[in-house]
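Examining the three-dimensional arrangement
Okay, here's what each chain looks like letter by letter:
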Amino acid sequence: MVDTKKALMLLAFGLSTLTVLFYITSTATTYWATYKIERSGASLDIHAGLWTACALVSYGGVSQEECESYDKAAGKVEAVLYFNRFTTITSILVVVGALVVAVLSYLKIVDLKVLMYAAAGSIIASGILIFIGTMWYVGELKNELSDIAFGYSIILLWLAFPMAIIGGSLMIVTSRMTDE
């Protein structure tokens with residue numbers, strides 16, 4: 001017979017681990033937003049992340065890509081980027097810490113249910129912060145460029161949001177279950 005509590009906790013750990021992996025990938029990559037312009041046989045493909053924007057210029061079969069840091073290029077960074085940098089890095093640290101605490105609590109190395117609740121709440125809070133940050137980012141870019149597309153980095157964060165909520169919630173539910 002399958003132990004329901006153990007199965008749900010493993011699902012919670014799995015979802016939370018995927019959440020942090022999606023956070024790391026999204027924070028490190030330059031595909032939050034993409035924009036393409038084509039004219040007279042030439043094209044300009046732009047993709048941008050939290051730290052860097054890259055431009056791929058193609059003309060007559062020749063392509064060249066250059067990337068530059070926002071801090072270096074613009075001299076100032078928009079508040080939305082600072083907020084998203086803060087939330088993604090903080091969320092990575094919080095979820096990794098929460099997973100360590102949750103595993104220690106689950107294995108009864110540290111036997112305090114309140115720690116499991118704190119870990120679960122931290123994971124849920126990280127998901128909410130990520131959701132707020134990405135929606136702000138999307139809104140700001142859509143106001144500036146209505147035909148901009150969003151890349152896989154944003155999509156991973158949108159997927160991480162429900163995984164964080166479900167993973168944290170499952171941790172709370174399994175903590176409240178009695179051992180059979």
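For the structure, see preceding data.
Residues numbered from 1 in each chain as written. Predicted model: local features only at pLDDT ≥ 70, side-chain atom pairs only at ≥ 80, totals over all residues. Heavy atoms only, no water.

On to the state of the cysteines. Counted according to the given criterion, the structure contains one disulfide. Sulfur-sulfur distance for the disulfide between C54 and C67 comes to 2.0 Å. Since a negative S-S torsion denotes a left-handed disulfide, the C54-C67 link at about 110° is right-handed. You can see C54 sitting in strand 3 (residues 52–59) and its partner C67 sitting in strand 4 (residues 62–69), a full 13 residues away along the chain. Relative accessible area serves as the criterion here: at 4%, C54 is assigned to the buried category. (Disulfide = S-S within 2.5 Å. Helix = DSSP H or I, 4+ residues; strand = E, 2+ residues; numbered from the N terminus. Buried < 20%, exposed > 50% of the residue type's maximum accessible area, 1.4 Å probe, protein only.)

Quick look at the packing of helix 4 (residues 113–144) against helix 5 (residues 152–176) now. Running from amino to carboxyl end, helix 4 crosses helix 5 at an angle of 160°, the nearest separation of the two axes being 8 Å. Viewed along their axes, helix 4 and helix 5 adopt a mutual orientation that is roughly antiparallel. As for how helix 4 packs across helix 5, the hand of that crossing is left-handed. (Axes fitted to C-alpha atoms, helices over the stretch in contact; angles between N-to-C directions. Parallel < 35°, antiparallel > 145°, perpendicular 65-115°, else oblique. Left-handed = near helix turned anticlockwise from the far one by under 90°.)

This part covers helix 1 (residues 4–28). Its 25 residues give helix 1 an end-to-end C-alpha distance of 36 Å, which sits within 8% of 36 Å, the value for a rise of 1.5 Å per residue. Every buried residue of helix 1 is listed here: K5, M9, A12, F13, L15, S16, T19, V20, F22, Y23, S26 and T27. Looking at the packing, one finds that the buried side of helix 1 touches helix 3 (79–106), helix 4 and helix 5. (Expected span 1.5 Å × (residues − 1). Contact = heavy atoms within 4.5 Å.)

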